[in-house]
Structure formats: structure tokens, C-alpha cells
Amino acid sequence: MPEAPLKTLSDRVSDAHARIQAAHEHINPVVEVRQGMRDSGIPADVITLDCLRTQRRINLVLHDQQPGTVLYQFVTREEEVSGEFKQIDLTALSSDTLFDWMQDYFG
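Residues numbered from 1 in each chain as written. Predicted model: local features only at pLDDT ≥ 70, side-chain atom pairs only at ≥ 80, totals over all residues. Heavy atoms only, no water.

What about the side chain of Arg57?
Step number 1: Assignment of secondary structure puts Arg57 in strand β3 (residues 56-63).
Step number 2: The exposure class assigned to Arg57 is buried, which follows from its relative accessible area of 5%.
Step number 3: Sequence-distant contacts of Arg57, that is, excluding residues within four places in its chain, are made with Arg34, Thr48, Leu49, Asp50, Gln73, Phe74, Val75, Thr76, Arg77, Glu80, Tyr105 and Phe106. (Helix = DSSP H or I, 4+ residues; strand = E, 2+ residues; numbered from the N terminus. Buried < 20%, exposed > 50% of the residue type's maximum accessible area, 1.4 Å probe, protein only. Contact = heavy atoms within 4.5 Å.)

Structure, rendered in C-alpha cells:
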């Protein structure tokens with residue numbers, strides 16, 4: 001049985017998070033897994049990566065209607081969510097890519 005997409009993505013985020021903390025002490029993002037959308041009837045899970053210092057956020061969304069795809073966007077914590085999401089295959093979203101995103105966007 002394949003690993004659940006949320007577990008796969010969470011593991012990659014955790015790996016990238018640990019590496020970013022080791023490489024860039026000033027970045028220190030806060031990671032949160034949000035499953036509240038399901039309580040509202042939206043079949044999706046969200047992982048947010050917040051940088052408190054820069055007030056920037058990366059949203060990662062796994063939507064049941066788009067299996068194998070991660071929807072993502074780079075926003076500020078103030079706007080929380082903007083209109084458009086880009087997409088990437090879960091198989092292509094490695095911990096290296098997540099590390100690069102955090103380093104480039106939060107750095």
C-alpha cells in the first residue's frame with residue numbers, strides 16, 4: 001500500500017525544515033498541518049510554512065480531487081491565501097525543492 005500523500009509531503013517538509021534550520025539560523029520557519037478544511041466540507045489538507053521574521057508564507061495543498069498533485073503558493077502571512085495556486089506533482093516535490101523554496105523566499 002503506498003504511503004498517504006499527506007504523510008509523504010509532511011516527511012519531506014520535516015526534512016527540508018531541519019536542513020534549513022541547520023543552514024540558516026535566521027530563517028527558522030514554523031510548520032503547521034491544517035486539516036480544518038475537511039471540517040468545512042472541502043476535501044483537502046494544507047501545510048503552511050511561515051517565516052515570522054519576513055512575514056512570508058508558503059501554502060501547500062493536497063486536494064482529494066487532484067491526487068498526486070500539490071497546489072502551492074507564495075504569499076504573506078497577512079494575505080494568508082491569494083487567488084492563484086501553481087501545481088507540481090508530489091513525486092517532483094522533493095525535500096531539496098522545499099529547502100530551496102524556503103531559502104529563496106524566506107531568506
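With respect to the pattern of salt bridges
Step number 1: One pass over the full model with this rule turns up eight salt bridges.
Step number 2: When salt bridges that share partners are traced, they join Asp15, Arg19 and Asp96 into one network. (Salt bridge = Lys/Arg side-chain N within 4 Å of Asp/Glu carboxyl O.)

Some details on the sheet that holds strand β1 (residues 30-34)
Step number 1: Overall, antiparallel pairing links the five strands, which are arranged β1-β2-β3-β4-β5 in an open sheet. Two strands close off the open sheet at either side, each with one partner strand: β1 and β5 (86-89). Strand after strand, the sheet turns through a mean of 25 degrees between neighbouring axes, direction not considered.
Step number 2: For strand β2 (residues 44-51) and β3, the ladder comprises eight bridges, and the chain directions are antiparallel. Paired with Ala44 across the bridge in β3 is His63.
Step number 3: The strands touched by helix α1 (residues 5-23) within the sheet are β1, β2, β3 and β4 (69-76), with β2 carrying the most contacts at an inclination of about 10 degrees.
Step number 4: Helix α3 (residues 95-106) contacts β2, β3, β4 and β5 of the sheet and is inclined by roughly 150 degrees relative to β3. (Pairing = 2+ DSSP bridges. Axes fitted to C-alpha atoms, helices over the stretch in contact; angles between N-to-C directions.)

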